[in-house]
Amino acid sequence: MGTKKLTVELLLKRQDVIPHVKHVVDAAESDRPALGWYARSVYEEAASSEKLIVAIAREGDQVSYAGHLWFATTFPRGHVIQIHVSPSYRRQGIAKKQLDFLKSHLTGLNYISIGARVAEDLRQSQEFWQGQDFYAYGTAPGGKARGRTMILRSHELPTPQLFAPSGLTHQDPLGLAVEPATATKLYLLDLNVLFDLGPRRARHEDVVDLFALERLGVCRLALSTEFDEELERSAKSGKTDPMLSLGQIFPKFIAPSVEEMIEFTKEIGPIVFPERYAAGKLTKNDHSDLRHLATVTRHNLAGLVTSDGSIREAAATLRARYGIDVLSPEAFKILGDPDSGIGAITASTRATLNLEELAPGREQEVRALLAELGVSVSDQSRLWAADDGRSRACHRFVVLDGARVVGYLMWPSGLRGRTCDAFMAVDESAACAQDAARLMIVHLTGQAKERIQRVRLNLASQQASVKEVALEVGFTGTDKTRELNKVSLNSILVPENWTPLSTELLQVSEIGLPQVMPTFRDADQYIELQRPDGQRTPLTTFALETLLSPMLICMPGRPGVLVPIQRDYSEHLLDHLDQMQLLPRGKALLYQQRHYLSAPRTLKVFERGSLMFFYESNKGSGLKAVVAVARVTNAYLSSEGAIERADLDRSALEPSDLAAIGKSETKTVVAFDNLMKLPNPVPLESLRRFGCGQAAQLLTSRRLTPEQIRNILLEGFKHERSAERPDLS
């Protein structure tokens, strides 16, 4: 008699799972020590919301319950609450099948990781989770009844756009591990720059900053052999210029021969010194300057750093003709100072965190934090700039939980091209570690002085919180486990500015977009990119916007919705006002993805990937204008009782506010991200002119036509019509 073949099916749809809830409850009751106790209604709710995976076994005509996996989600992270396999079907790989199913399901929804809490004393369970690539990153106390210690585990998900044959990995989908063309550049130093190191020289501070920036890796500096010859010529008879000794610490490049200089002088002399060259009266200093320029071109260096005004006046011509930069020392600084800090903000742990500049005298606390994380003393100084005192060459911030330093952030005040090398460390033992990481990343990414900029984030060891938060906002990993990369495109893309912005993106990051903006079909339509390593790869529009966030690709035909919001909530959810905040800022500002709650009837107007325009009403002295635009990532119905504290943290609402959002106990929860404030809020008068409706009609969420979307974007960003920012109209 033949053996019946066993097949296992996994069910997730509510209509398929609900009939099996009784078996799930019975199975959970049979293994309370491992699974704990939950009411039947909790499992029914999980089944209805499609958060319960049930495995059924088929043997011929017989169908039996084989196991279940119950999970929860708070974007961008899933969490396994229970996983169970019936004793009759163990050692059949069913638990692995359930987990693989969950991984695939959440990957398709663009989640980035799955977490699990596993009791330390369950040895076999620990081995199972380790075998499923859930790495341990921390501990937490369990329930009071058993006094267990729980091991916190996490699994990082690949995303649907990552295809192994193309050489892509889930750690580096854009190929940012390739060193960019804008990497550290090597400049030749003119002798006058070294003389400006003298404390009484007018450019002393600029030159000190220049050398400090070189120490931080922003640029590299070298000298020409002309340097030694020039000092020997000017030295008094029988004496050696002490500057010669200083010059020995720099690499040297050989100056061109006399024959080469004759030809070079004929070509470049009329450009740099037109009057003296025409009169045949070039000085010794003029010839020296020309030899420096010839050395730069001969060795293909990035340029010359000089304080000489004559050469700098010819900089534009030299750049156009020879591709070299002639810069003064002060050119290596970012124009303008960074924000002094976000200030106080309420964390999800209900603690109040402060982000502020590192004050002189607190460096010892930073060094203690870095030492605890395994950063050597030399690296604390060389890479992390944790020295005593204040330097204009770098920006240093700390996150304080009360008086305790729980986070440190540093980046140089100059950029390598448009690449910012930042260093970040968080005390992972702190309860507020994730919020501290969010606070610093929000501050760092908000400091972009350029429309398109690359950030290389260097981490200390044991930084699970920082990695998880950074991945939420589009950072990607590299082969170096302590380095994350991101390119930020701080603009909207419309057909009119697609070409200039694509060109700029290619110059900064070597990421190539299609020549023409596609027409919108779906939020997950694919766009083919050229990576820095030369490979071409398709990415979904949704994924590309996340990786280059806060970019929004406003393709023709992309749907949009106008939503109302009152001033009391908008300033905590959107942070669109310029005035200083006297009270701690809302928790929602810590998150890339935030939540907007509205009446249940509005669910039908929200589509995944839609543009979401926020209209601030006049209630509470509101602006009566569209003040921001974002992207809808998800929308669903939830009863008031099922709305979790984590959902409210992202919404700027408190439980007491829910009753004000309509009489129904069910609410529409809209998750959105890639928020961009409109530089020029679009007032009610303009909205009327665009046909969006009267004031009373704008107090409910409503769809916008493609023409209305275009008009709002053009007016909202019209101040960007300049030589630096292409005209959108």
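Right, let's walk through the structure included here.

How each quantity is defined
- Residues numbered from 1 in each chain as written.
- Predicted model: local features only at pLDDT ≥ 70, side-chain atom pairs only at ≥ 80, totals over all residues.
- Heavy atoms only, no water.
- Helix = DSSP H or I, 4+ residues; strand = E, 2+ residues; numbered from the N terminus.
- Buried < 20%, exposed > 50% of the residue type's maximum accessible area, 1.4 Å probe, protein only.
- Contact = heavy atoms within 4.5 Å.
- Areas by Shrake-Rupley, 256 points an atom, 1.4 Å probe, with all protein chains shown as cover.
- Salt bridge = Lys/Arg side-chain N within 4 Å of Asp/Glu carboxyl O.
- 1 Å grid on protein atoms, 1.4 Å probe; cavity = no way out; pocket = protein on both sides within 12 Å on 5 of 7 lines; lining within 4 Å.
- Points joined across faces, edges and corners; volume = space filled by probe spheres on them.
- Pairing = 2+ DSSP bridges.
- Axes fitted to C-alpha atoms, helices over the stretch in contact; angles between N-to-C directions.

Considerations on the overall build of the protein chain
For the protein chain, the count of helices and strands is 25 helices and 30 strands. Each of the 729 residues in the protein chain was classed as buried or not, and the buried ones make up 52%. Partitioning the contacts of the protein chain with sequence separation of at least 6, the portion at a separation of at least 24 is 67%. Carbon and sulfur atoms make up 50% of the accessible area of the protein chain, which totals about 33100 Å².

Digging into the pattern of salt bridges
One pass over the structure, following the stated rule, counts 23 salt bridges. Measuring nitrogen to oxygen at the nearest pair gives 3.9 Å for the salt bridge that ties arginine 298 to glutamate 260. Remark: glutamate 260 occurs in helix α11 (residues 258-272) and arginine 298 occurs in helix α13 (residues 284-298); sequence separation between them is 38 residues. Residue classification places glutamate 260 among the partly exposed positions, given a relative accessible area of 37%. Here arginine 362 ties to glutamate 365 by a salt bridge, and the two come within 2.8 Å at their closest N and O atoms. You can call arginine 362 partly exposed: its relative accessible area is 21%. For glutamate 365, a relative accessible area of 30% corresponds to the partly exposed category. A single network of salt bridges, built from pairs that share partners, joins Glu545, Arg558, Arg631 and Asp673.

So, empty space enclosed by the protein
Inspection of the entire model under this criterion finds five cavities of 30 Å³ or more. Taken as a whole, the second largest cavity holds about 60 Å³ of empty space. Every element with two or more residues in the lining of the second largest cavity is listed here: β7 (149-156) and α19 (464-472). Among the elements that line the lining of the second largest cavity, the one with the most residues is α19, at four residues.

Considerations on the sheet that holds strand β8 (residues 185-189)
Strand order in this open sheet of five strands is β10-β9-β8-β11-β12, and the pairing throughout is parallel. If you trace the sheet from one side to the other, it starts and ends with β10 (252-253) and β12 (325-327), each paired once. Across the sheet, helix α8 (residues 204-215) lies against β8, β9 (219-224) and β11 (303-305), angled at about 115 degrees from β9, the strand it touches most.

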